[in-house]
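The residues making up each chain are set out below.
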Amino acid sequence: MTEMFALLADVAAVDATVIVTGETGTGKELVARAIHDASPRARKPFMVFDCTATPRDLVESALFGHVKGAFTGATAARDGAFRRAQGGTIFLDEIGELPLDLQPKLLRVIESRTVQPVGGDEPQKVDVRVVCATHRDLKAEVRAGRFREDLYYRLAVIKVHMPALRERPADIVVLAKHFARLFSDQSSRASARLDEGSLVKLVDYRFPGNVRELRNLVERGISLA
């Protein structure tokens, strides 16, 4: 983690595309936000686009925008996530889930720094930094034909890997105490704390849900105990 923090400090200062890998719940979005907050773009938007949260037939419009009348229901022109992130950073979460037919269009946007709204004739310039994340092994996805090789290498200019919580057990105590303070303050339970027996049990647990699971577990304990 110390090596990763040093890497993030270097990464934040440049404008290169970054891919953050790691299991679900390890804090990949926090890494992306930290890169943005420490970068020269910090005062500009930080736009999150979850590739799993948008219906497949609306992903292109949500990313690149559309013009009025481009499709049924497009009663007005709308900017996509790239345009709304103008000057700042766009975080493409779970990039491995992006439909294969849209991957060439994303590559074109990154290469040309322009977006073509759905139904539009003229490309629009965008100035954004791209940070993406995935829990998948994208090299394996490339070999399986589910992810474009050219897009992978364009995204993976800088790679940051978030280790699973079970791989850094010393962090469990630090994080558990942090969450205990956080949720004690929120629930006005200033005396709430984790005793040594509880901390030992936490360190011995494998945490398949990683930091997100630890956070939820501590919140539940503070709320009910």
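Keep in mind that this is a model prediction, so the values were computed, not measured.

Asks: Could you give an account of the confidence of the model for the protein, with specific residues and numbers?
Replies: When pLDDT is averaged along the protein, the result is 92; 96% of the residues meet or exceed 70. Per-element confidence in the protein is highest for strand β3 (residues 89-93), whose mean pLDDT is 98, and lowest for helix α8 (residues 170-186), whose mean pLDDT is 90.

Asks: So what's going on with helix α5 (residues 103-112)? Residues and values would help.
Replies: For α5, the set of buried residues is Q103, L106, L107, V109 and I110. Taken down its axis, α5 places every buried residue within 160° of arc, on the same side. Residues of α5 that are exposed and point more than 90 degrees away from the buried face comprise R108 and E111. Tucked inside the fold, the buried residues of α5 contact α3 (59-64), α4 (81-84), β3, β4 (114-115), β6 (129-134) and α7 (149-155).

Asks: Could you give an account of the pairing of β6, naming the residues involved and the relevant values?
Replies: Here is the key point about a regular strand: its side chains alternate between the two faces of the sheet. Taking burial as the measure, the 6 residues of β6 include 6 buried ones, the bulk of the element. Burial along β6 is two-sided: the residues R129, V131 and A133 and V130, C132 and T134 are all buried. In this sheet, β6 lies alongside strand β1 (residues 18-21) in parallel orientation, the contact comprising 4 bridges. Residue pairing across strands places V20 opposite A133, the latter belonging to β6.

Asks: Residues and numbers for the nonpolar core, please.
Replies: Residues F82, I90, L92 and I95 are the most contacted members of the largest nonpolar core, which totals 32 residues. Looking at this core, the elements with two or more residues in it are β2 (46-50), α3, α4, β3, α5, β6, α6 (138-143) and α7. Other than its neighbours up to four places away in sequence, F82 contacts L63, F64, I90, L106, V109, V115, V126, V128 and V130. If you look at the next biggest cluster of nonpolar residues, it comprises 15 residues, including M4, V18, F91 and V131.

Asks: Which residues make up the side chain of S184, and what values do they have?
Replies: With respect to the helices and strands, S184 occurs in helix α8. There is a polar contact of 2.6 Å between the side chain of S184 and the backbone oxygen of A180.

Asks: Now, about the environment of D10: what can you tell me, with residues and values included?
Replies: For D10, the location among the structural elements is in helix α1 (residues 2-13). Relative accessible area serves as the criterion here: at 55%, D10 is assigned to the exposed category. Put simply, D10 and I35 are 25 residues apart on the chain and 9.3 Å apart in space, counted from C-alpha to C-alpha.

Asks: Could you give an account of the pattern of salt bridges, with specific residues and numbers?
Replies: Following the criterion strictly, the structure yields 11 salt bridges and no others. For D15, the salt bridge identified is with R41, shortest N-O distance 2.8 Å. Pair noted here: D15 is in the loop between α1 and β1 and R41 is in the loop between α2 (28-37) and β2, with a separation of 26 residues, a long-range link. With relative accessibility at 42%, the residue D15 sits in the partly exposed group. The exposure class of R41 is buried, given its relative accessible area of 10%. Put simply, R83 and D79 hold a salt bridge, and the shortest N to O gap is 4.0 Å.

Asks: Can you explain the layout of surface pockets? Please cite residues and give values.
Replies: Approximately 710 Å³ is the volume found for the largest pocket. Around the largest pocket, the lining is made up of 24 residues, and of these T26, G27, K28, L30 and V211 lie nearest the centre. Examining the composition of the lining of the largest pocket, we find that 5 residues originate from one element, α8, more than from any other. Here the lining of the largest pocket is built from residues that sort into 11 nonpolar, 5 polar and 8 charged.

Reading the values: rules and limits
- One numbering rule holds for all chains: residues counted from 1, following each sequence as written.
- With pLDDT at 70 or above as the cut-off, local features in this predicted model cover only qualifying residues; side-chain atom pairs require 80 or more to be listed or tallied, and sums for whole chains, interfaces and linings still use all residues.
- Calculation of side-chain values draws on the structure's entire complement of heavy atoms; hydrogens and water are dropped beforehand.
- The predictor attaches a confidence to each residue, and that confidence, scored 0 to 100, is pLDDT.
- Strands here mean DSSP runs of E at least two residues long; helices mean DSSP runs of H or I at least four residues long; both are numbered from the N terminus.
- Exposure categories follow from relative accessible area, calculated using a 1.4 Å probe and restricted to protein chains: below 20% of the type maximum is buried, above 50% is exposed, and the middle band is partly exposed.
- The arc in question is the one spanned by the directions pointing from the helix axis to the C-beta atoms.
- Any two residues having at least one pair of non-hydrogen atoms within 4.5 Å are treated as being in contact.
- In this description, strands pair whenever DSSP reports at least two bridges between them.
- Think of a nonpolar core as a cluster: buried Ala, Val, Leu, Ile, Met, Phe, Trp, Tyr and Cys residues, connected wherever their side-chain atoms sit within 4.5 Å.
- Distance and chemistry together define a polar contact, namely a pair of N or O atoms within 3.5 Å, with one atom able to donate a hydrogen and the other to accept it when in protein, and with adjacent residues in sequence counting only for side-chain atoms on both sides.
- By definition, a salt bridge exists where a carboxyl oxygen of Asp or Glu is found within 4 Å of a side-chain nitrogen of Lys or Arg.
- For cavity detection a 1 Å grid was placed over the protein atoms alone, and a set of points counts as a cavity when a 1.4 Å probe fits there but cannot get out; an open set counts as a pocket when protein lies on both sides within 12 Å along at least five of seven lines, with lining residues being those that have an atom within 4 Å of a point.
- Grid points are joined across faces, edges and corners, and a volume is the space filled by probe spheres set on the points.
- Put simply, Ala, Val, Leu, Ile, Met, Phe, Trp, Tyr, Cys and Pro go in the nonpolar bin, Asp, Glu, Lys and Arg in the charged bin, and everything else, Gly too, in the polar bin.

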